[in-house]
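# Reading the structure
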Amino acid sequence: MAHDGVVVNMLSLKKHYKNGNGIRVSTSGNYADVGGEQLWIDVLNATLEHGLAPVSWTDYLYLTVGGTLSNAGISGQTFLYGPQIGNVLELDVITGKGDFMTCSKDKNSELFYAVLGGLGLFGIITRARIVLAKAPKRVKWVRMIYSDFSIFTRDQEHLISTKGLEYLEGSLMMDYTPANNWRSSFFSPSNESRITYLLKKHGILYCLDMVKYYDDETVNSVDKEVQMLQEGLNFIPGFTFTRDETYVDFLNRVRRGEITLKSKGLWDVPHPWLNLFVPKSHILDFNAGVFVDIIHRQKKTTGPLLVYPTTKIVWDDKMSAVVPDEDIFYCVGLLHSGSFNDWQDLDNQNNEILEYCDRAGIKMKQYLPHYKSKEEWIKHFGPKWNTFQERKAKFDPRMILSPGQNIFNYV
Ligand SMILES: Cc1cc2nc3c(=O)[nH]c(=O)nc-3n(C[C@H](O)[C@H](O)[C@H](O)COP(=O)(O)OP(=O)(O)OC[C@H]3O[C@@H](n4cnc5c(N)ncnc54)[C@H](O)[C@@H]3O)c2cc1C
């Protein structure tokens, strides 16, 4: 990431706080001022002390605020609240020129929009003012199983247009991997064998996860509300499963998997991930061409495969993050886990997927993008490229920040 360059140890900022730990909740309770080096898990714990929490999350919370805001920060709440970059009121940034600037939509707005989703290319985020809301106490987490991708996506799209749920994701199960995996052990042993039987029959199954938050005031009505949300959905009859968890355990769910994998020495392995935003108009082609014809046929990957919709309207186009030009698009996460022997195979498979999308005319965008040539970056940014370039010249003219992204500097 920093060939012949400098790596900033953001955690060292913690030493300089005169009061507190770098997370300060406003007296109004509407926002928290948070150091760019803070982990989201620490933001969660500090804000919960006030009965509050941020509204938009990532699946995994041991990531820094500055790091996710440099990308977008997405999870099952994105369709409702927008990505994490859409829930920031103000930033302190040290630009590539060494200027220390406070920015927001109204003040130094160009820097604000540049930095959010800006891949670390314009400045270092040292503080972010994050939107807060009242934190729920618990969640009902429902998983429904589908064998037909078009019915699965139709129900997902229906649910994101309905009021009443706070989180929606989706994932795939393949007949060559167990129904319960490191990231999710949702099913009891007897349900797991029922699902394994179904998997043998269909080859691929699709899981729709939805979550309804609740607290003391809504504890008596939440089951009824979940039931109403499920009305008219077309999952396989009898294949719906519910968990009741604290809000914190739900948000921190990936940590449980991390601890299990670490205990088996399986966390620190290569992860050739591919994250894409796929327009709704091509999601059925993507299923046929990628999930069925590449991933399932090749049977190489063991990591989670995520697919869930979001809407363009909750993304601010002035920010640097790039999304497809369609009202609804799908977040696809191919979170492969490899070994030191086979990562290259998974990397090749990722390239095959990208080539397929090109051939099939699928105008997807990479999330957490990785490109080798300037032409590819220009194509990625599309109409935003000129602004992106101008902002780089303005805030980091010597191009010292994040050269490892290979956008303006080539190693
Ligand atoms: C296990 C795991 C799970 C993940 N899950 C999700 C998910 O659910 N949703 C999602 O959206 N993303 C997810 N990500 C991706 C994540 O958003 C990015 O990797 C992000 O960069 C992580 O932040 P970091 O603190 O690890 O960044 P680092 O790896 O430390 O930095 C990545 C880059 O971000 C920039 N950067 C970092 N800090 C700052 C700062 N303070 N100011 C300016 N630029 C900065 C720099 O360019 C740096 O090179 C996941 C990543 C991992 C490893």
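Model, not experiment: these values are computed from the prediction.

On to the overall build of the protein. Assigned secondary structure in the protein consists of 13 helices and 14 strands. The globule rule puts the C-alpha radius of gyration for 411 residues at 22 Å, and the 21 Å found for the protein is close to it. Judged by the C-alpha coordinates and their principal axes, the protein covers about 60 × 50 × 40 Å. Here the protein, with 411 residues, has 55% of them falling under the buried criterion. Of the contacts formed within the protein by residues at least 6 apart in sequence, a portion of 76% connects residues at least 24 apart. Charged side chains in the protein number 45 positive and 47 negative. The centres of these two groups are separated by 2 Å.

A common way to report how large an interface is uses the accessible area buried once the components associate. You can read the domains of the protein as domain 1 (10-134) and domain 2 (138-367). Here the C-alpha centre of domain 2 lies 26 Å away from the C-alpha centre of domain 1. Contacts between domain 1 and domain 2 engage 33 residues on the former and 35 residues on the latter. When residues of domain 1 are sorted by the area they lose upon contact with domain 2, Asp59, Phe79 and Tyr113 head the list and together hold 28% of the total. In this structure, the connection of domain 1 to domain 2 is made through three salt bridges. Note that glutamate 217 and lysine 134 form a salt bridge whose closest N and O atoms lie 3.7 Å from each other. Run the count over domain 1 and domain 2 and you get 14 residue pairs in polar contact (both at pLDDT 80 or more). Within the residue set of the side of domain 1 that touches domain 2, elements represented by two or more residues are helix H1 (40-48), strand S3 (52-54), helix H3 (78-81) and helix H4 (109-115). Looking at which element gives the most residues to the side of domain 1 that touches domain 2, the answer is H3, with four residues.

What follows is about helix H11 (residues 343-359). For an α-helix the count is 3.6 residues per turn, leaving residues at separations of three or four pointing the same way. Between its first and last C-alpha atoms H11 spans 24 Å; for 17 residues at 1.5 Å apiece the expected length is 24 Å, and the two agree. Where H11 is concerned, the buried positions are Leu346, Gln349, Asn350, Ile353, Leu354, Tyr356 and Cys357. In a view along the axis of H11, the buried residues occupy a sector of 155°, so they form one face of it. Across H11 from its buried face, at more than 90 degrees, point the exposed residues Asp358 and Arg359. The inward-facing, buried residues of H11 contact strand S11 (274-279), helix H10 (283-298), strand S13 (328-334) and strand S14 (365-367). A positive backbone phi angle near 70° is found at glycine 361, which sits one or two residues after H11.

Evaluated as defined, the whole model comprises 27 salt bridges. Notably, a salt bridge pairs aspartate 33 with arginine 129, separated by 2.9 Å at the nearest N-O pair. On the criterion of sequence distance, the pair formed by aspartate 33 in strand S2 (residues 31-35) and arginine 129 in strand S6 (residues 123-134) is long-range, its members being 96 residues apart. Considered together, aspartate 33 and arginine 129 belong to a single accessibility category, that of buried residues.

As recorded in UniProt, the feature "transmembrane region" (unreviewed entry) lies at residues 111-132. Helix makes up 23% of residues 111-132 and strand 45%, whereas the separation of the span's terminal C-alpha atoms amounts to 23 Å.

Attention now goes to H1. Within H1, burial applies to Trp40, Ile41, Val43, Leu44, Ala46 and Thr47. Buried residues along H1 sit in contact with strand S1 (23-25), S2, S3, helix H2 (65-69), S6 and helix H8 (247-251).

Here we take up the packing of aromatic side chains. Throughout the structure, instances matching the rule amount to 30 aromatic pairs. Grouping aromatic residues by their ring pairs yields a cluster made of Phe122, Tyr371, Trp377, Phe381, Trp385, Phe388 and Phe408. The side chain of arginine 194 reaches across the aromatic face of phenylalanine 239, ending 4.3 Å from its centre.

Glancing now at the site of the ligand. Near the ligand there are 24 residues, and of these Asp59, Thr64, Ile74, Tyr367 and Ser402 occur at the shortest range. Taking asparagine 71, its side chain carries an N or O atom lying 3.0 Å from an oxygen atom of the ligand. Burial of the ligand by the surrounding chains reaches 72%, relative to a free accessible area of 940 Å². The set of elements that each furnish at least two residues to the shell around the ligand consists of H2 and S6. By residue class, the composition of the shell around the ligand is eleven nonpolar, twelve polar and one charged.

So, on to the environment of valine 65. Following the sequence through the fold, valine 65 ends up in helix H2. Residue class for valine 65 comes out buried when judged on its relative accessible area of 0%. Considering only alpha carbons, one finds valine 65 and tyrosine 371, 306 residues apart in sequence, at a separation of 24 Å. Not counting the four nearest positions on each side in its chain, valine 65 is found in contact with Val34, Gly35, Gly36, Gln38, Trp40, Val43, Ala128 and Ile130.

A word on the pairing of S6. On any regular strand, side chains alternate: one points to one face of the sheet, the next to the other face. As judged from the five bridges shared by S2 and S6, these two strands associate in the antiparallel manner. Bridging from a neighbouring strand, aspartate 33 pairs with arginine 129 of S6. Inspection of the sheet shows S3 paired to S6 by three bridges, in the antiparallel sense. Its bridge partner lying in S6, alanine 53 is registered against alanine 133.

Reading the values: rules and limits
- Residues numbered from 1 in each chain as written.
- Predicted model: local features only at pLDDT ≥ 70, side-chain atom pairs only at ≥ 80, totals over all residues.
- Heavy atoms only, no water.
- Helix = DSSP H or I, 4+ residues; strand = E, 2+ residues; numbered from the N terminus.
- Rg over C-alpha atoms; globule rule 2.2 N^0.38 Å.
- Buried < 20%, exposed > 50% of the residue type's maximum accessible area, 1.4 Å probe, protein only.
- Contact = heavy atoms within 4.5 Å.
- Lys, Arg positive; Asp, Glu negative; His and termini not counted.
- Charge placed at Lys NZ, Arg CZ, Asp CG, Glu CD.
- Domains from an automatic or database assignment.
- Buried area = accessible area lost by both parts, 1.4 Å probe.
- Salt bridge = Lys/Arg side-chain N within 4 Å of Asp/Glu carboxyl O.
- Polar contact = N/O pair within 3.5 Å; in protein donor to acceptor, adjacent residues only side chain to side chain.
- Expected span 1.5 Å × (residues − 1).
- Arc of directions from axis to C-beta.
- UniProt positions renumbered as here; feature names shortened; annotations may be inferred.
- Phe/Tyr/Trp six-rings, centres within 6.5 Å; stacked < 30°, edge-to-face > 60°.
- Lys NZ or Arg CZ within 6 Å of the ring centre and 35° of its normal.
- Near = heavy atom within 4 Å.
- Areas by Shrake-Rupley, 256 points an atom, 1.4 Å probe, with all protein chains shown as cover.
- Nonpolar A, V, L, I, M, F, W, Y, C, P; charged D, E, K, R; others polar.
- Pairing = 2+ DSSP bridges.

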